[in-house]
Amino acid sequence: MTDDLVSQVQDVLTVDSREFQTRVEEDAEVIKRELANGTFDNPQAIIGFEYEFYAVDAETKALARVPRRLLSLIGFEKELGLHNAEMSTSPQPLNEYGLSAQEAEVKARLSAAEERTFSEGMRLVSDGLWTIPPEGETATEYLTDSVDDGGVRVASNMSDSVRYHAMANATDTAGMELDAPHVSLSAETVMPESLITSIQPHYQVPHARDLPAYFRYAIRIAAPLLALGVNSPFFPPDLYDDAPPDEIVDEAWMENRIGVFESVLNGDDPGKVRLPDDVESVEEVIDDIAADRTMVPMPVAGSARFDDEFAHFRLKHGTYWRWVRPVFGGATRSAANARIEFRPIAAQPTVRDSIAFQAAFAGLLESTFRREHPVRHLDWIVARDNFYAATRDGLDADLYWITNDGKETTDTEEVFADLFAHAKDGLQARGLSDQEAAKYLWPLRQRARHGVTPAGWKKREVSDRLADGATFDDAITGMQRTYIDRQKETLLEGTFADWA
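To start, this report covers the structure provided alongside it. These numbers come from a predicted model, not from an experiment.

Points about the overall build of the chain
Piece 1. When its secondary structure is counted, the chain shows 17 helices and 13 strands.
Piece 2. Relative to the 2.2 N^0.38 estimate, which gives 23 Å for 500 residues, the radius of gyration of the chain is 22 Å and therefore close to what a compact globule would have.
Piece 3. Taken along the three principal axes of its C-alpha coordinates, the chain extends 60 × 55 × 40 Å.
Piece 4. For the chain, the residues scored as buried account for 60% of the 500 residues in total.
Piece 5. A separation of at least 24 residues holds for 77% of the contacts in the chain among residues at least 6 apart in sequence.
Piece 6. Positive and negative side-chain charges in the chain, numbering 50 and 87 respectively, have mean positions lying 5 Å apart.

Okay, here's the thing in structure tokens:
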């Protein structure tokens, strides 16, 4: 890392947290005034998408660092680790053409990026949690390697983002540890978070005042969608404590990505990363973000963007880590928007699977809000318990649900029948035909119908290898190489259903 990065981190650590908070609170009032003026309203729902990847060596499938020049060439953005790359799509209206445009943009940009990275001996992988460390390194070494440079702790394999490095040096620090079944690791930076990758659909509400109602529904659909998308049951083998392999497989959570993000970033504040509370008004949403614990107060540079009128608030929002997150933004006044960012879903085996979650999330918000679905009456504590049950057990979790006719149930078939009916209804309300809506939801219907998720596929692959006499390390790496090989064949045109 350069002396310039260390200097920037030192500058950040001198920012007065009370003065920063004062500016955040002033910015919150700016947003409320614009809210009252209708600035954040839009007559149509808008969707967007963030998609994270990690890079591997094309031949060995070991984790690979992506040269910064290559990231620039393929039009991707840096994320936490040097192995990460992120794509963000252009916002589109929620309709037949908007969804098609989202999928086409992901495929076009990913295809071009894969061609370029492959020429450099790498592949981009869409997955929930990597398990094969770089050649010649253990995962523990890669995740914990850091140096003290002039009193500043710098992670050796972290992108040169000042905010990420400042977290390890602030007085109000993150947890910086892993805590999962049979896994424990302590670090001096937030680098262990770079184990995980995700997809993040965005849904822009037509009227900002309605955001709390949409938000309530988003919290309740989080668990069943998470149960369908689980994709991170295993860690790199060297991170495991000494335990029988069969026991590790049996007790592995289906979505360890949730626990990684919480244990690495929560620290002494268990409320930092969590499922958010319900809110009664959009002003309460704004106040909740403003009052959230400040992770790293940073200097703010202004620009001509509209949302730089509340730049301190936007910066603080960057560490407002909730699994369902409200967002206020917009480069121009005409593009100003209030939206919901859905963060529980791990990166998926194929693009079509990923877009299926975007379609399901948007369709569900459309339909449940418009039809005043009774699941809004599901107690928040039950919704939270559902969420963490899905984290542990995926589709085997007992999810409490209220169907459209008001029936309380934990029957998996009833839960997902109701869920898909409303996802389809919401898409059709936005102009998609019956056939088009069914096409987008089909990959997820297959998972529910057959009870097979990417995490379940991974567990079966590892179990089969162990039964055939493989060591635990070889069973994990063998599964991971097979995952990457299958993905190579299906990433752009297939679905996970082709695997199972």
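Don't stop here, the text continues.
Focus: the pairing of strand S7 (residues 177-180)
Piece 1. Side chains Leu178 and Ala180 project from S7 onto a buried face, and the interleaved Glu177 and Asp179 project onto a face without burial.
Piece 2. The turn linking S7 back onto strand S8 (residues 183-186) is made up of two residues, and histidine 182 within it adopts a positive phi angle of 70 degrees.

Overview of helix H10 (residues 282-291)
Quick reminder: α-helices carry 3.6 residues per turn. Residues three or four places apart thus point the same way.
Piece 1. If you check which residues of H10 are buried, you get Val282, Val285, Ile286, Ile289 and Ala290. One face of H10 carries all of its buried residues, which in axial projection span an arc of 130 degrees.
Piece 2. Packed against the buried residues of H10 are helix H2 (17-36), helix H7 (211-229), helix H11 (311-317) and strand S10 (324-329).

A closer look at the nonpolar core
Piece 1. Ranked by internal contacts, the top residues of the largest apolar core, which has 165 residues, are Phe40, Phe76, Leu225, Phe235, Phe313, Phe328 and Ile340.
Piece 2. For this core, the element with the highest residue contribution is H7, accounting for 13 residues.
Piece 3. Here phenylalanine 76 is in contact with Phe53, Leu71, Ala85, Glu86, Met87, Arg109, Leu110, Ala113 and Leu124, once residues within four sequence places are set aside.

Remarks on the pairing of strand S1 (residues 46-57)
Piece 1. Burial runs high along S1: eleven of the twelve residues are buried.
Piece 2. Sheet analysis places S1 next to strand S9 (residues 199-204), joined by six bridges and oriented antiparallel. Opposite isoleucine 47, over in S9, you have tyrosine 203 as the bridge partner.
Piece 3. Judged from the two bridges that link them, S1 and strand S3 (residues 92-93) form a sheet pairing that is antiparallel. From the neighbouring strand, isoleucine 46 faces S3, where its bridge partner is proline 93.
Piece 4. Both S1 and strand S2 (residues 84-88) contribute to a ladder of five bridges, which runs antiparallel.

Some thoughts on the pattern of salt bridges
Piece 1. All told, the structure shown has 34 salt bridges when counted by the stated rule.
Piece 2. For glutamate 283, the salt bridge identified is with arginine 209, shortest N-O distance 2.4 Å. On the criterion of sequence distance, the pair formed by glutamate 283 in helix H10 and arginine 209 in the loop between S9 and H7 is long-range, its members being 74 residues apart.
Piece 3. Given a relative accessible area of 22%, glutamate 283 falls into the partly exposed group.
Piece 4. For arginine 209, a relative accessible area of 46% gives the class partly exposed.
Piece 5. Note that aspartate 434 is salt-bridged to lysine 424, the shortest N-O span being 2.6 Å. With aspartate 434 in helix H15 (residues 434-450) and lysine 424 in helix H14 (residues 412-429), this residue pair connects regions lying ten residues apart in the sequence.
Piece 6. According to the relative accessible area criterion, aspartate 434 is partly exposed, its value standing at 44%.
Piece 7. It is possible to trace a salt-bridge network through shared partners that takes in Arg305, Asp307, Asp308 and Arg314.

Rules and cut-offs
- Counting restarts for each chain, with residues numbered from 1 along the sequence as it is written.
- This being a predicted model, a pLDDT of at least 70 is required before a residue's local features are given, and a value of 80 or more before pairs of side-chain atoms are given or counted; all residues contribute to the totals for chains, interfaces and linings.
- Only heavy atoms go into the side-chain values, all of them from the structure, while hydrogens and water stay out.
- Only DSSP runs of H or I covering at least 4 residues are called helices, and only runs of E covering at least 2 are called strands; the numbering of each starts at the N terminus.
- Within these notes, the globule rule equals 2.2 Å times the number of residues to the 0.38 power, and the radius of gyration is based on C-alpha atoms.
- Partly exposed residues are those whose accessible area sits between 20% and 50% of the maximum for their type, while under 20% is buried and over 50% is exposed, using a 1.4 Å probe and protein chains only.
- Contacts are residue-level and defined by heavy atoms, with any inter-residue pair within 4.5 Å sufficient.
- Note that His is not counted, nor are the chain ends; the positive residues are Lys and Arg, and the negative ones are Asp and Glu.
- The atoms used to mark charge sites are NZ of Lys, CZ of Arg, CG of Asp and CD of Glu.
- What makes two strands pair is DSSP finding at least two bridges between them.
- The directions considered for the arc run from the helix axis to the C-beta atoms.
- We call a set of buried residues a nonpolar core when its members are Ala, Val, Leu, Ile, Met, Phe, Trp, Tyr or Cys and they connect through side-chain atoms within 4.5 Å of each other.
- Any carboxyl oxygen of Asp or Glu within 4 Å of a side-chain nitrogen of Lys or Arg constitutes a salt bridge here.

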